[in-house]
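# What the coordinates show
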Amino acid sequence: MAASLAALLQARGYRVRIRKFDPYLNVDPGTMSPYQHGEVYVTDDGAETDLDLGHYERFSGVSARQSDNVTSGRIYQDIIAKERRGDYLGATVQVIPHVTDEIKKFALDKSDDLDFILCEIGGTVGDIESLPFMEAIRQLRNELGRDQSISIHVTLVPYVAAAGELKTKPTQHSVRELTSLGIQPDILLCRCEHNLPENERAKIAAFCNVRKEAVIPALDAESIYAVPLQYHAEGLDDQVLHAFNIDNNKEPDLSRWYDITDRYHNPEGEVTIGVVGKYVGLQDAYKSLHEALVHGGMAHRTRVNIKWLDAEMFESEKDLVSKLEPMHAILVPGGFGERGSEGKIASIKFARERNIPFFGICLGMQMACLEGARNVSGIDNASTSEFGPTDNPVIGLITEWQSKDGIETRDDDSDLGGTMRLGAYPAKLNDNSHVASVYEAQDIEERHRHRFEVNMAYKERLEQGGLIFSGMSPDGSLPEIVERPDHPWFIGVQFHPELKSRPFDPHPLFASFIGAALKQSRLV
Ligand code: GLN
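Below is a summary of the structure that appears in this document. Bear in mind the structure is a predicted one, so any value in this text is a computation, not a measurement.

## Some details on the packing of aromatic side chains
- Following the criterion strictly, the structure yields 15 aromatic pairs and no others.
- The interplanar angle of 80 degrees and the centroid separation of 5.7 Å between the aromatic rings of Trp257 and Phe504 together place this pair among those described as edge-to-face. With Trp257 in helix 11 (residues 255–265) and Phe504 in the loop between strand 24 (490–493) and helix 18 (508–523), this pair connects stretches of sequence that are 247 residues apart.
- Overall, the relative accessible area of 1% leaves Trp257 in the buried class.
- Ring geometry for Tyr279 versus Tyr286: centroids 6.0 Å apart, planes at 45 degrees, classification tilted. Take Tyr279 and Tyr286: they sit in the same class, and that class is buried.
- Feature note: the residues Phe59, Tyr225, Trp257, Tyr264 and Phe504 constitute an aromatic cluster, connected by ring pairs.

Here's what the structure looks like:
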């Protein structure tokens, strides 16, 4: 909702930023399992954030920052640190005002150059955990004044098939709960499977104390890309401006949304990509990757079918050939831990030997190096220190690197939370390399989230095996990209390019990869 509204406000020429409040107690989602919480989205400034920030960024085109996502855990951590330092000068530290003040400060932080800040509160009205956030919002609305803030409440209007009826009671109850916390919504966005008839809309308006035009039906859209256009057709942006008392009857420029929905819904070609990973049971675990592949398809007006393949399946040769043969390209994504790694290495060998386009991302790139080391360079037991002690650590722990804030150092005993090489780092690409032609540039900047790196002591032997280091950190110390010049499309990257892809600006690596898959589809 927030992402689509941001897109609509931008289409009217406003500058927006979206923020997410997560009421759980983890300091950030960095240490949470992708199965619990979906992917961890990394910002340029190195924050590990909720995956919704990726959605916001893809829809608004505005790069998210550390200051756009906060959890209860972080708020409490900051407050307790201040309390220990003695900053509260002996005062009793309490949820109101100390926690609520921090939340309000966070909501308005770094907003000088903006017209609108959209704050989304995670969870459901009535949750115990979200109460301080609700209270902070109530206070903030009072402090800002009536036409400086509005509240939009997303509710559910379920359809009971047996009775053939839409039920408005859950909406009424949740609005009652919200008003009991002192927040009267200005706009209701009602999620429903069937169109909301006028009389039901009027009923909701009357019971919930909201104008009828501000009860906006939000039906399931044909795709997520169609949501902004649909909300616009239902009047969401008009109602938001009306609630702010802003006179603006200029039509928004939604041309880029018409363009991408057309590309997505009317494809001219089709490819099938095999993603060989570990968290294939939950699509949110690879949210940005999924989106970036679709964006790559939009660049070619091509439908991208993604087959999520469990790497553990590929420990036997038979399964591997029958499952991978129909793929027009193979991608091994980022990940952590040893489980499934042999299956990933076997899939990479298959892609290399059969000349099938291959894209390795982060752990996928590291596995491509192990595959080359073992099967081409003859380093039999090549491994990564991530999986335990090894005689041939072709991938090893990064112990030192240069960040914007100076030299960062790590060792085996460092904490797990927030200690990876995180955020945007520059890389230099070799002249005449495949990646330089894909990016049409030699200097790039991409987002990272890793603890290990290719061990440069093995560089020469890997290069003798045909795996070229075509991108390095500017000081030449950290390998960023490997590629095989003797293969139609074989690229491994230490960073996460999927985090920067946007529907109206597909990432060049994904656009090129889907292009290669299209070529491959014409061969088979
Ligand atoms: N586990 C690997 C590392 O820490 C790769 C991380 C990733 O794929 N994001 O280096």
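Next comes the rest of the account.
## Focus on unusual backbone geometry
- Backbone torsion omega between Ile96 and Pro97 reads 15 degrees, so that peptide bond is classified as cis.
- Positive phi values are uncommon outside glycine, yet Arg301 reaches one of about 50 degrees.
- In this fold, Arg301 is placed in the loop between helix 12 (287–299) and strand 12 (302–310).
- The residue Cys362 is not glycine, and still its phi comes out positive at about 55 degrees.
- Tracing the sequence through the fold places Cys362 in the loop between strand 14 (358–361) and helix 15 (363–375).

## A word on helix 11
- When helix 11 is considered as a whole, its buried residues turn out to be Trp257, Ile260 and Thr261. The buried residues of helix 11 occupy an angular sector of 100 degrees when projected down its axis, which confines them to one face.
- The elements touched by buried residues of helix 11 are helix 1 (2–10), helix 3 (52–60), helix 9 (227–233) and helix 12.

## A few points about the site of the ligand
- The ligand sits among Gly334, Gly335, Phe336, Cys362, Leu363, Gln366, Glu386, Arg449, His450, Arg451, Phe452 and His496.
- Gly335 places a main-chain nitrogen or oxygen 2.8 Å from an oxygen atom of the ligand.
- Separating an oxygen atom of the ligand from a backbone N or O atom of Arg451 is a distance of 2.9 Å.
- In isolation the ligand has 290 Å² of accessible area, and contact with the protein removes 99% of it.
- Here the shell around the ligand is built from residues that sort into 4 nonpolar, 5 polar and 3 charged.

Cut-off values and rules
- Residues numbered from 1 in each chain as written.
- Predicted model: local features only at pLDDT ≥ 70, side-chain atom pairs only at ≥ 80, totals over all residues.
- Heavy atoms only, no water.
- Phe/Tyr/Trp six-rings, centres within 6.5 Å; stacked < 30°, edge-to-face > 60°.
- Helix = DSSP H or I, 4+ residues; strand = E, 2+ residues; numbered from the N terminus.
- Buried < 20%, exposed > 50% of the residue type's maximum accessible area, 1.4 Å probe, protein only.
- Arc of directions from axis to C-beta.
- Contact = heavy atoms within 4.5 Å.
- Near = heavy atom within 4 Å.
- Polar contact = N/O pair within 3.5 Å; in protein donor to acceptor, adjacent residues only side chain to side chain.
- Areas by Shrake-Rupley, 256 points an atom, 1.4 Å probe, with all protein chains shown as cover.
- Nonpolar A, V, L, I, M, F, W, Y, C, P; charged D, E, K, R; others polar.

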